[in-house]
Each structure stands twice: as C-alpha cells, then as structure tokens.
Amino acid sequence: MQIYLANTRGMCAGVNRAINVVELALQKYGSDTYVLHEVVHNKHVVNNLRDKGAHFVESLDEIPQGKVVIFSAHGVGKCIVAKAKERGLKIIDATCPLVTRIHKKINKASDLGQEVIVIGHHGHQEVIGTIGQYTYDKSLVHVVENVDDVNKLEVKTDNLVFATQTTLSIDETKKTVDALRSRFVNIKGPQKDDTCFATQLRQNAIKDLAKYCELILVAGSKNSSNSKRLSEVAISCGCKSYLIDDYTDIQDSYLEGISKVGISAGASAPEYIVEDIITYLKSKGANENVICIGEVPKNLSFALPDDI
Ligand code: SF4
C-alpha cells in the first residue's frame, strides 16, 4: 500500500489563532476561563484544552458572573455579546477574522434595511452567529442550503444581498449562488462566495490527491463542516473516503483491496493525528516512503485579538 499525503492540509490561521487565544487566557486567568461552544470543531483540541483547565459551556448562563468568556472561532450573534456584557463577563473574542468580515457585511445590510440570504447549514454555529448580526427585522433574514431551498424561497423585497458560510463545498455553493443570481437578478453579494482561502485550498488539494488514490482518509471530527466537505469532495472525485477523528477509527474493511491511500486533514485537525494515521498504516504494511502531493502552502497567521 502506498500512502499519498496532501501538502495543503490541517490547521488554518483562524484555528491556530483561536487555540492560542484559549491557551493565553488559561495562562492569564487560569480556571476562570470559559469557552462558549467548542472553540474549534475538533474533539482532540477541545479535550486537550479542557485538560489544561478551560471550561466549555453551551450557554452563558453556565458561566459565573465576573469570569472570562471566549467566543469560539465560529463567532456569535450580537445578542450573545450583549448578554455577556449584562452578566459582567470579561469578553475575549476568538472569532476568525474571515468570519468577522462577513459579520460586518451583515451589520451593514441590517443598517440599510436590506433583505439577507445566507447560504449555509441550518443550525451551524457560524451561521447562527452570522444571522445574529442582523437586528433590523429578523423576518428579512433567510438561510438556504442548496438550489432546492433557493427555488422555494419566499422573499419580501427586491433589496436583496447574500453571504455564505466560510466552510462550504466550493462546487455546491457555486450552484446555489448561480440559482440565486438567476432567480433574483439584482441580488448583491460577493463575486463568487465567502468561502475562505483555507477551505478553497484544502478542497483543491483533495482534488489533486484524488488523482492518485482509491481511498482518502480525512482527519477531522464529525461536527467539523470543512472536514466533512473534504471527504465529500473526495467521494465526488470517485474515491472512497472516510472522516476519522484519529487512527483508531480506521476499520480493517476500509483498507481491503486498497493499494493507494490518500491522507488529508480538516482545518481544525492537529498534525499529530495525521502522523499517527501514517504510523498506523505503516504498521498495516504500507510503504515506508510517503509521497507528498501538491505545493507546500505559505504559513499564514492572523494577529491575536486586542483583548487578550
Ligand atoms: S476555516 Fe477559514 S473561516 Fe474557519 S477558522 Fe479557518 S480560516 Fe477562518
């Protein structure tokens, strides 16, 4: 069995920044550090930070007054910020700057009274935070997932603007954006979509990897949107693919009859998970040499928030 490894994989600048924020807060505030929702959608990252003393909560009501609250990389709506202030919590915002950029667009649309359509997954933390930026008239905000939703959508005005979640499938989102533009010809929005560069580069890298492989294993948690999309892209390229938290999820049946296996990792998956997967596959008889596919990406980083 030959292992192929995508050079563009794993943690992105926004995820690294969010993890750094929690680690710095732990150094400064110790066990007073609370994180609203998973700071990034990866079980290993969250467990590691929990072991270091961070408290992960699903509601601000679980945080005692005067403690520190960190907002996750996916961002939160305005009412959450207001409630945290009301409760006297010290706020540290780890929202990815690329998500904040979309928040600003929705804020502006709200100020202008424009009707907003967000392409994204219902109930995903980022989408909840994005639509939570709109305060003008909540009935003027819609979430659509696909072309079907666009066709069924009932709007109230012709003053429309759209935005997208950052971690969607590039190819599927194009279809949804095309459907929006053809149904609502005057709709305003980004030239293509708001998917981030990390999402785009990792999906492109999977397409390259798929040219060499029969199976692609993607390291990432089941609730990680960008990781799930990577596995779906691999399948759409004709490969078998599984999303795995770590090597212990690999079942013998996954490897039956496979001689070329690819590995990638979602934007929230730590590199040691990839290394463990490679070690495991070698223990199952894979060649010692691993073939790396694609260009080595530039190492990007985002500045830390001012409030840490
Ligand atoms: S996947 Fe994109 S939007 Fe999400 S944290 Fe990474 S860079 Fe930011």
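Residues numbered from 1 in each chain as written. Predicted model: local features only at pLDDT ≥ 70, side-chain atom pairs only at ≥ 80, totals over all residues. Heavy atoms only, no water.

This part covers the packing of helix α1 (residues 13-29) against helix α2 (residues 43-51). With their axes 11 Å apart at the nearest point, α1 and α2 run at an angle of 10° to one another. Put simply, α1 runs roughly parallel to α2. Residues Ile19, Val22, Glu23 and Leu26 of α1 pack against Val45, Asn48 and Leu49 of α2. When the residues that make up the contact of α1 with α2 are grouped by side-chain class, the tally is five nonpolar, one polar and one charged. (Axes fitted to C-alpha atoms, helices over the stretch in contact; angles between N-to-C directions. Helix = DSSP H or I, 4+ residues; strand = E, 2+ residues; numbered from the N terminus. Parallel < 35°, antiparallel > 145°, perpendicular 65-115°, else oblique. Contact = heavy atoms within 4.5 Å. Nonpolar A, V, L, I, M, F, W, Y, C, P; charged D, E, K, R; others polar.)

Turning next to the sheet that holds strand β6 (residues 115-119). Read across the sheet, three strands follow the order β7-β6-β8 without closing on themselves; strand pairing throughout is parallel. Since the sheet does not close on itself, it has two edges, and those belong to β7 (141-144) and β8 (160-164), each with one partner. On average, each strand axis in the sheet is tilted by 25° relative to the strand beside it, whichever way the strands run. When β6 meets β8, the two strands line up parallel, connected through five bridges. Bridge pairing in β8 places Ile119 opposite Thr164. Contacts from helix α4 (residues 97-112) reach β6 and β8, with the element oriented near 165° to β8. (Pairing = 2+ DSSP bridges.)

In this section: the domain arrangement of the protein. By domain assignment, the protein separates into domain 1 (2-11 + 197-293), domain 2 (13-96) and domain 3 (98-183). The gap between the C-alpha centroids of domain 1 and domain 3 is 31 Å. Residue-level contacts link eight residues of domain 1 with ten residues of domain 3. Carbon and sulfur atoms supply 54% of the area that domain 1 and domain 3 bury against each other, a total of about 720 Å² over both sides. On the domain 1 side of the interface with domain 3, the three residues burying the most area are Thr199, Ser225 and Arg229, jointly 48% of the side's total. Inspection of the domain 1/domain 3 interface yields one salt bridge. Between Lys207 and Asp171 there is a salt bridge, with its nearest N and O atoms 2.9 Å apart. Within the residue set of the side of domain 1 that touches domain 3, elements represented by two or more residues are α8 (197-210) and α9 (225-236). By residue class, the composition of the side of domain 1 that touches domain 3 is one nonpolar, five polar and two charged. (Domains from an automatic or database assignment. Buried area = accessible area lost by both parts, 1.4 Å probe. Salt bridge = Lys/Arg side-chain N within 4 Å of Asp/Glu carboxyl O.)

The residue Ala109 is located in helix α4 in this model. With relative accessibility at 1%, the residue Ala109 sits in the buried group. Spatially, the C-alpha atom of Ala109 lies 8.8 Å from that of Tyr136, the residues being 27 residues apart in sequence. Once residues within four sequence positions are removed from consideration, Ala109 is found in contact with Gln114, Val116, Tyr134 and Val161. (Buried < 20%, exposed > 50% of the residue type's maximum accessible area, 1.4 Å probe, protein only.)

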